[in-house]
Amino acid sequence: MTRFCTYLFYFLCGLTFSVSAQPTAPFSVADSTLYLKKNFVFRRDYTLPYRMLEPLEKDTKMKYPLVVVLHGAGEKGTDNERQLLTGGAVFASFDNRLRFQSYVVFPQCPKPDNWSTFGFLKNPGEDVQLGKYGKQASEPLRATLALIDRLIADEHIDKNRVYIVGLSMGGFGTLEALAMRPGLFAAAVPICGGGDITVCDKYARKVPVWLFHSQDDPIIPVSLSQILANRLRTLKAEPKYTEYERAGRSTWREAFADARLLPWLFDQNRKQSGEVRKTQDVPESPAPLTLRPLK
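As a convention, each chain's residues are numbered from 1 in the sequence order in which they are written. Under the rules for a predicted model, residues below a pLDDT of 70 receive no local features and side-chain atom pairs below 80 are neither given nor counted, while totals for whole chains, interfaces and linings still include all residues. Side-chain measures were taken over the full set of non-hydrogen atoms in the model, leaving aside hydrogen atoms and water.

Draft legend 1. Seen up close, a positive patch on the surface. A patch is a set of surface residues, each over 30% in relative accessible area and not in a salt bridge, joined within 9 Å for like charges and within 5 Å for the nonpolar side chains Val, Leu, Ile, Met, Phe, Trp and Tyr. The protein chains shown are the only cover counted for residues, whose accessible areas, like all others here, come from Shrake-Rupley with a 1.4 Å probe. Each reported salt bridge corresponds to a side-chain nitrogen of Lys or Arg within 4 Å of a carboxyl oxygen of Asp or Glu. Positive charges come from Lys and Arg, negative ones from Asp and Glu, while His and the chain ends are left out of the count. Charge coordinates come from a single atom per side chain, which is NZ of Lys, CZ of Arg, CG of Asp or CD of Glu. A cluster of basic residues, Lys63, Lys159, Arg270 and Lys271, forms a positive patch on the protein surface. Along the chain, arginine 270 turns up in the segment after helix H10 (261-267). Where helices and strands are cited, they refer to DSSP runs of H or I of at least four residues and of E of at least two residues respectively, numbered from the N terminus.

This is the structure in structure tokens:
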């Protein structure tokens, strides 16, 4: 193995991500106080910290969408603060809160855990080799799904408008959550992530997906998103796919800056159709890649 440059997902999660810890926009302490600090007791011996932003003009007679944001590896911990650094400012902005009345939840994955059980291998000059999901999802992801169920039951949430967004490590978790509970989500946005393509049939044509990645991402190969987009198209789904040339490890900044993203996200509704509605302006499929199983 010394002659190979090998990247394994779990190893990557420990490195990533000084860049991902930078906010997409200046995010003050005053902003962060908009997010209520909470804890969800998943089991007697396991508590998931999370922050929750409530609708700006909350009406107890109304039901609101729920957005769940899974952070990257740089925001792991138990301080219940760092997970807001990437994306927190976007949803806390007054304009977005006024336009997209919703609950927004940022759970925090503790060290050394991960949102996903997926792994991949990349050697120089070779195609990416994909792993598969474990028999059981990670504890933080299972706790997050249980938290969503609890929020739907306890809060004024529209169960047909539950959305999941993930950045880097969170992008992997987003796709695994879709495979586990496709009937739970109305839409998903995996940003510079990847996933097990053998289970795409569980959510293809059922959940609208918009993938983002950058060609020059030095940590998570862009081919992971390309492979997944191609697989979904093979299954007759129509994912949206945006690929940047030089966004590097800051793909989420570009994605959140896209004026089309939030309107598209909040427009999705499970009630409208059992199959994914056709999306517009879908770019041509990336070139197919030759894969081989992990050794």
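Still more to cover.
Draft legend 2. Molecular detail of the nonpolar core. Residues Leu66, Ile148, Leu151, Leu178, Phe185, Tyr203 and Leu228 are the most contacted members of the largest nonpolar core, which totals 56 residues. Pairs of residues are marked as contacts when any of their non-hydrogen atoms sit within 4.5 Å. Residues in contact with isoleucine 148, not counting those within four places in the same chain, are Leu66, Val68, Val162, Leu184 and Phe185. The criterion is simple. A nonpolar core is a set of buried Ala, Val, Leu, Ile, Met, Phe, Trp, Tyr and Cys residues joined through side-chain atoms within 4.5 Å. Throughout this description, buried means an accessible area under 20% of the type-specific maximum (1.4 Å probe, protein chains only), exposed means over 50%, and partly exposed covers the range between. Counting 31 residues, the second-largest nonpolar core is a separate cluster that includes Val67, Ala187, Ala247 and Leu262.

Draft legend 3. Summary view of helix H7 (residues 169-180). The first and last C-alpha atoms of H7 sit 17 Å apart over 12 residues, in line with the 16 Å expected at 1.5 Å per residue. Among the 12 residues of H7, 11 are classified as buried, and the element is accordingly described as predominantly covered. Listing the buried residues of H7 in full gives Met169, Gly170, Gly171, Phe172, Gly173, Thr174, Leu175, Glu176, Ala177, Leu178 and Ala179. What a helix is expected to span follows from its residue count: subtract one and scale by 1.5 Å.

Draft legend 4. Structural context of the packing of aromatic side chains. Only centres within 6.5 Å qualify two rings of Phe, Tyr or Trp (six-membered ring in Trp) as a pair; their planes then separate them into stacked at under 30 degrees, edge-to-face at over 60, and tilted for everything else. Within this structure, the stated rule accounts for 13 aromatic pairs. Residues tyrosine 35 and phenylalanine 106 carry aromatic rings whose centres are separated by 5.5 Å and whose planes lie at 85° to one another, so their mutual orientation is edge-to-face. Here tyrosine 35, found in the loop between helix H3 (29-32) and strand E1 (36-43), pairs with phenylalanine 106, found in strand E4 (residues 103-107); they are 71 residues apart in sequence, far enough to count as distant. Judged on exposure class, the residue tyrosine 35 and its partner phenylalanine 106 are both buried. Seen in terms of ring centroids, tyrosine 64 and tyrosine 103 are 6.2 Å apart; in terms of plane orientation they differ by 75°. Their pairing is edge-to-face. Here the residue tyrosine 64 occupies a position in strand E3 (residues 64-70), and tyrosine 103 occupies one in strand E4, the gap between them amounting to 39 residues.

Draft legend 5. View of the pattern of salt bridges. In this structure the tally under the stated criterion is eight salt bridges. Aspartate 45 serves as the salt-bridge partner of arginine 43, at 2.9 Å between the closest nitrogen and oxygen. The class for aspartate 45 is exposed, based on a relative accessible area of 61%. For glutamate 54, the salt bridge identified is with lysine 58, shortest N-O distance 3.4 Å. The class for glutamate 54 is partly exposed, based on a relative accessible area of 24%. Bridged by salt links that share partners, the residues Arg43, Asp45 and Glu139 form one connected network.

Draft legend 6. Examining the pairing of strand E10 (residues 240-244) more closely. Among the five residues of E10, four are classified as buried, and the element is accordingly described as predominantly covered. Taken together, the five bridges between strand E9 (residues 210-214) and E10 define a ladder with parallel strand orientation. Note that in E10 the partner of serine 214 across the bridge is tyrosine 244. One bridge is not enough; two strands pair if DSSP finds at least two bridges between them.

Draft legend 7. Broad picture of the packing of helix H6 (residues 139-154) against H7. Two elements in contact, H6 and H7, have axes separated by 11 Å at closest approach and are oriented at 60°. When the axis of H6 is compared with that of H7, the two are oblique. Of the two elements, H6 crosses H7, and the hand of that crossing is right-handed. For the pair formed by H6 and H7, the contact residues are Leu141, Arg142 and Leu145 on the first element and Gly173, Glu176, Ala177 and Met180 on the second. Across the contact of H6 with H7, the residue classes tally to four nonpolar, one polar and two charged. Here the axes come from fitting lines to C-alpha atoms, over the contacting stretch only for helices, and the angles between their N-to-C directions go from 0 to 180 degrees. Roughly parallel refers to an angle under 35 degrees, roughly antiparallel to one over 145, roughly perpendicular to one between 65 and 115, and oblique to any angle outside these ranges. By definition, turning the near helix anticlockwise from the far helix through less than a right angle yields a left-handed crossing, and turning it clockwise yields a right-handed one. Charged residues are taken to be Asp, Glu, Lys and Arg, nonpolar residues to be Ala, Val, Leu, Ile, Met, Phe, Trp, Tyr, Cys and Pro, and polar residues to be all remaining types, Gly included.

Draft legend 8. Broad picture of the side chain of arginine 249. Positionally, arginine 249 belongs in the loop between E10 and helix H9 (251-257). Reaching out from arginine 249, the side chain makes a polar contact with the side chain of aspartate 217 at a distance of 2.6 Å. For this analysis, a polar contact is any N or O atom pair within 3.5 Å, provided that within protein one partner can donate a hydrogen and the other can accept it, and provided that sequence-adjacent residues contribute only side-chain to side-chain pairs.

Draft legend 9. Representation of the pairing of strand E7 (residues 157-167) in the model. Among the 11 residues that make up E7, nine are buried, leaving the element largely enclosed by the rest of the structure. Bridge count for E3 against E7 is six bridges, and the pairing is parallel. From the neighbouring strand, leucine 70 faces E7, where its bridge partner is glycine 166. Relative to strand E8 (residues 187-191), E7 runs parallel, the two sharing five bridges.

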